[in-house]
Amino acid sequence: MSWNPALEPGCPDAVGVDAIETLIVPRARDLGGFEVRRALPSPKRQMVGPFVFFDQAGPAEFITGKGVDVRPHPHIGLATVTYLYRGEFQHRDSVGSNQTILPGAVNWMVAGRGVTHSERTSEATRLAPHSLYGIQTWVALPEDKEETAPSFEHHGKDTLPVIESEGVRLRLILGRAYGERAPASVFTDMFYADVVLEAGARLPLPSDHEDRGLYILEGSVSIAGQVFESGQMMVFRPGDAISVAAGPQGARLMALGGATLNGPRYVWWNFVSSSHDKIEAAKEEWRRGAWGHGQFDLPADDRAEFIPLPG
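Computed from a prediction, not measured in an experiment: that's the story for all the values here. (Residues numbered from 1 in each chain as written. Predicted model: local features only at pLDDT ≥ 70, side-chain atom pairs only at ≥ 80, totals over all residues. Heavy atoms only, no water.)

1. Quick notes on the overall build of the protein
Check the secondary structure of the protein and you find 1 helix and 23 strands. In terms of overall dimensions, the protein is globule-like: its C-alpha atoms have a radius of gyration of 19 Å, near the 19 Å expected for 311 residues. Based on the C-alpha atoms only, the size of the protein along its principal axes is roughly 60 × 45 × 35 Å. Looking at the protein as a whole, 54% of its 311 residues qualify as buried. Partitioning the contacts of the protein with sequence separation of at least 6, the portion at a separation of at least 24 is 71%. With the model as given, the accessible surface of the protein reaches about 13000 Å², and the carbon-plus-sulfur share is 50%. (Helix = DSSP H or I, 4+ residues; strand = E, 2+ residues; numbered from the N terminus. Rg over C-alpha atoms; globule rule 2.2 N^0.38 Å. Buried < 20%, exposed > 50% of the residue type's maximum accessible area, 1.4 Å probe, protein only. Contact = heavy atoms within 4.5 Å. Areas by Shrake-Rupley, 256 points an atom, 1.4 Å probe, with all protein chains shown as cover.)

Written as structure tokens, this is what we have:
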């Protein structure tokens with residue numbers, strides 16, 4: 001099957017490298033046991049479509065007894081997206097969810113007016129050496145949905161649409177692309193996909209989304225003869241017909257984008273909002289710690305500790 005009727009297999013790029021509007025090289029941070037590379041927000045670009053945060057976690061290896069412990073912490077004004085390639089997390093939140101996520105599945109948590117959650121390596125996984133490798137993203141909510149009630153959805157690997165054609169395997173995580181639609185309940189037009197390319201295979205990006213970006217996890221891709229390596233994010237000029245070709249070792253990518261929001265967002269710690277006042281109010285609510293009697297509560301089965309407000 002053809003990905004896009006306007007692009008014949010093996011056709012040359014119709015544009016030059018100037019179609020890349022922004023090239024981002026993420027900064028790395030050591031979180032104690034594993035490394036995180038943050039592509040968004042960056043000094044060059046705050047968002048790609050509604051995606052306002054993009055972290056690559058790992059790959060990392062843990063010895064027996066060790067793991068990840070992201071203690072309960074708050075969010076407002078966004079939805080979190082967790083997607084793993086290796087390992088697992090146990091997600092708990094103040095909505096009442098307690099869900100283990102495995103590779104190829106998606107956790108979609110809408111913070112709305114306020115939610116608290118934790119992500120930890122399960123006790124069962126800590127009984128043996130294990131690995132972790134995945135992507136954590138945040139999607140900024142449209143202004144009229146920032147006060148929506150918090151919610152959580154888990155969609156297993158087998159429920160996500162998969163497209164295979166001519167050396168390309170694509171799993172659609174969120175939104176719509178290539179005639180398919182993912183099951184998560186999103187608020188704006190977007191796409192987010194896990195893409196594996198065999199050596200030399202070509203991927204045309206969706207032509208019907210305003211913002212489009214690619215993050216290279218493994219291997220390399222070429223655009224108009226220029227090679228881009230793993231650990232880079234490219235954001236493309238709207239309206240151009242874009243096709244990328246995998247290098248000799250193939251490539252694994254995250255493709256993302258969608259409609260832009262009505263303006264930039266304030267981002268402070270784990271809070272995202274169109275309003276600075278809402279962020280200040282959330283800071284005070286978390287500092288107050290009136291769990292269950294204000295904007296925030298703690299997960300019912302993970303209340304012994306939490307991450308304090310920075311500074």
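2. Some words on the pairing of strand β8 (residues 98–101)
Where strand β7 (residues 89–93) and β8 come together, 4 bridges link them in antiparallel fashion. Across the sheet, residue Phe 89 finds its bridge partner in β8, namely Ile 101. Hairpin connection of β7 to β8: 4 residues between the antiparallel strands, including Gly 96 at a positive phi of 110°. (Pairing = 2+ DSSP bridges.)

3. Observations regarding the pattern of salt bridges
Applying the stated criterion to the full structure yields 22 salt bridges. In this structure, Arg 126 engages Asp 69 in a salt bridge whose closest nitrogen and oxygen atoms are separated by 2.8 Å. Here Asp 69 lies in strand β5 (residues 69–75) and Arg 126 lies in the loop between β10 (115–120) and β11 (130–140), a separation of 57 residues in the sequence. According to the relative accessible area criterion, Asp 69 is partly exposed, its value standing at 41%. (Salt bridge = Lys/Arg side-chain N within 4 Å of Asp/Glu carboxyl O.)

4. Concerning the sheet that holds strand β4 (residues 51–62)
The sheet built from 7 strands is open, its strands ordered β2-β3-β4-β11-β6-β9-β12 with antiparallel pairing. Sheet topology places β2 (27–30) and β12 (151–155) at the edges, where each strand pairs with a single neighbour. Shown here is a sheet whose adjacent strand axes are inclined to one another by a mean of 20°, direction ignored. The sheet contact formed by strand β9 (residues 106–110) and β12 spans 5 bridges and is antiparallel. Bridge pairing in β12 links Trp 108 to Glu 153. (Axes fitted to C-alpha atoms, helices over the stretch in contact; angles between N-to-C directions.)

5. A few points about the side chain of Thr 121
Position of Thr 121 among the secondary structure elements: in the loop between β10 and β11. At 2.8 Å, the side chain of Thr 121 forms a polar contact with the backbone nitrogen of Val 68. Those residues in contact with Thr 121, other than ones at most four positions away along the chain, are Gly 67, Val 68, Glu 88, Arg 126 and His 130. (Polar contact = N/O pair within 3.5 Å; in protein donor to acceptor, adjacent residues only side chain to side chain.)

6. Considering the sheet that holds β5
Whether parallel or antiparallel, the strands of a sheet pair through hydrogen bonds between backbone atoms. Taken in spatial order, the 4 strands make up an open sheet running β5-β10-β7-β8, and their pairing is antiparallel. Each having just a single partner strand, β5 and β8 make up the two edges of the open sheet. Across the sheet, the mean angle separating the axes of adjacent strands is 20° when strand polarity is ignored.

7. Digging into the UniProt feature "domain: Pirin N-terminal" (unreviewed entry) in the protein
In the numbering used here, UniProt assigns the feature "domain: Pirin N-terminal" (unreviewed entry) to residues 34–139. Between the end C-alpha atoms of residues 34–139 the distance is 24 Å, and the span holds 0% helix and 60% strand. (UniProt positions renumbered as here; feature names shortened; annotations may be inferred.)

8. Looking at the pairing of β4
In summary, the side chains of a regular strand alternate between the two faces of the sheet. Within β4, 10 of the 12 residues are buried, leaving the element largely enclosed by the surrounding structure. In this structure, strand β3 (residues 35–40) lies alongside β4, joined through 4 bridges in antiparallel fashion. In the strand pairing of β4, Arg 37 is matched with Gln 56. For β4 and β11, the ladder comprises 9 bridges, and the chain directions are antiparallel.

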